[in-house]
Amino acid sequence: QLDLAIKSTSSQVAVAFDADGTLWSGDAGEDFLFALIDRKLVQSEAMEALEREALAYGVQSKGLSASLLVRSLFDAYVAGAYPEPHICRLTAWACAGYSEAMVRQMAHGILVDAKLPSRLLAETAEIVRFAEARGIPTYIVSASPEHVVTAGVKLLGLVHERVIAVEPH
């Protein structure tokens, strides 16, 4: 049916997916963030931005390590007191102080530990393969950090050149 639909249009065709809950079950961005917190990997370079967020949203920060402050902000998000767009960029900020190569290496290891390949949603992966076999561009669009999404897509053996996700600067 997809072949017929593609052949019947004169428009260019592309396929776009979210990653979390669409390409794989669960939330890889949360897997990454919780691992950074649990392993106490959030460095002091993130503190200024974290404390600014805590102050703006009434989250207690005094005496907390960077990792615990990230956890407190996440808990405020779950309670509805911290906006979702902020938690998405907070996950990227939690990598402050690390080189890009190190963050990519951590993301890969964390997603291996989280058994991401076993969470692949077969139906979506089949559509990705279908599109790739026909030269149809496939995009993965996510509010999770780019380094996490790209690591996940690579782990699944899918095309990873077209990931659109949060990128820290």
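Note that the structure is a prediction, hence the values are computed from the model and not measured.

Chemist: Could you clarify how one ought to interpret the state of the cysteines in this entry?
Modeler: Covalently bonding the sulfur atom of one cysteine to the sulfur atom of another cysteine gives a disulfide. The full count for this structure, using the stated rule, is zero disulfides. We note that Cys88 lacks a disulfide partner, and the nearest cysteine sulfur, in Cys95, lies 13 Å from it.

Chemist: Any chance you could explain the side chain of Glu146 here in plain terms?
Modeler: Along the chain, Glu146 turns up in helix α8 (residues 146-155). In this structure Glu146 touches Arg104, Val163, Ala165, Val166 and Glu167, once residues within four positions along its chain are discounted.

Chemist: Got a minute to help me understand helix α4 (residues 66-78) in this structure?
Modeler: An α-helical turn contains 3.6 residues, so any two residues separated by three or four positions project in the same direction. Taking 1.5 Å per residue, 13 residues should reach 18 Å; α4 reaches 19 Å between its end C-alpha atoms and fits that length. Among the residues of α4, those classed as buried are Ala66, Ser67, Leu69, Val70, Leu73, Phe74 and Ala76. Of the residues flanking the end of α4, it is Gly80, one or two places downstream, whose phi is positive at about 85°.

Chemist: Is there a simple way to explain the side chain of Asp20 in this structure?
Modeler: With respect to the helices and strands, Asp20 occurs in the loop between β1 (15-17) and α2 (28-38). Buried and without a salt bridge, Asp20 has Arg119 as its closest oppositely charged side chain, separated by 5.9 Å. There is a polar contact of 2.7 Å between the side chain of Asp20 and the side chain of Trp24. Sequence-distant contacts of Asp20, defined by excluding residues within four places in its chain, comprise Gly26, Asp27, Ala28, Gly29, Ser142 and Ser144.

Chemist: Any chance you could explain the pattern of salt bridges here in plain terms?
Modeler: Where charged atoms of side chains with opposite charge meet at close range, the side chains can pair. Counted by the stated rule, this structure contains eight salt bridges. Ionic pairing is found between Arg52 and Glu48, a salt bridge with its closest N-O pair at 3.8 Å. Residue Arg52 and its partner Glu48 are both found in helix α3 (residues 47-56); the two are separated by four residues, about one turn of the helix. Here Glu146 ties to Arg104 by a salt bridge, and the two come within 2.5 Å at their closest N and O atoms. Taken together, the residues span a long stretch of sequence, with Glu146 in helix α8 and Arg104 in helix α6 (residues 100-113) at a distance of 42 residues. Given the relative accessible area of 13%, Glu146 is considered buried. When salt bridges that share partners are traced, they join Glu100, Arg104 and Glu146 into one network.

Parameters at a glance
- Residues numbered from 1 in each chain as written.
- Predicted model: local features only at pLDDT ≥ 70, side-chain atom pairs only at ≥ 80, totals over all residues.
- Heavy atoms only, no water.
- Disulfide = S-S within 2.5 Å.
- Helix = DSSP H or I, 4+ residues; strand = E, 2+ residues; numbered from the N terminus.
- Contact = heavy atoms within 4.5 Å.
- Expected span 1.5 Å × (residues − 1).
- Buried < 20%, exposed > 50% of the residue type's maximum accessible area, 1.4 Å probe, protein only.
- Lys, Arg positive; Asp, Glu negative; His and termini not counted.
- Salt bridge = Lys/Arg side-chain N within 4 Å of Asp/Glu carboxyl O.
- Polar contact = N/O pair within 3.5 Å; in protein donor to acceptor, adjacent residues only side chain to side chain.

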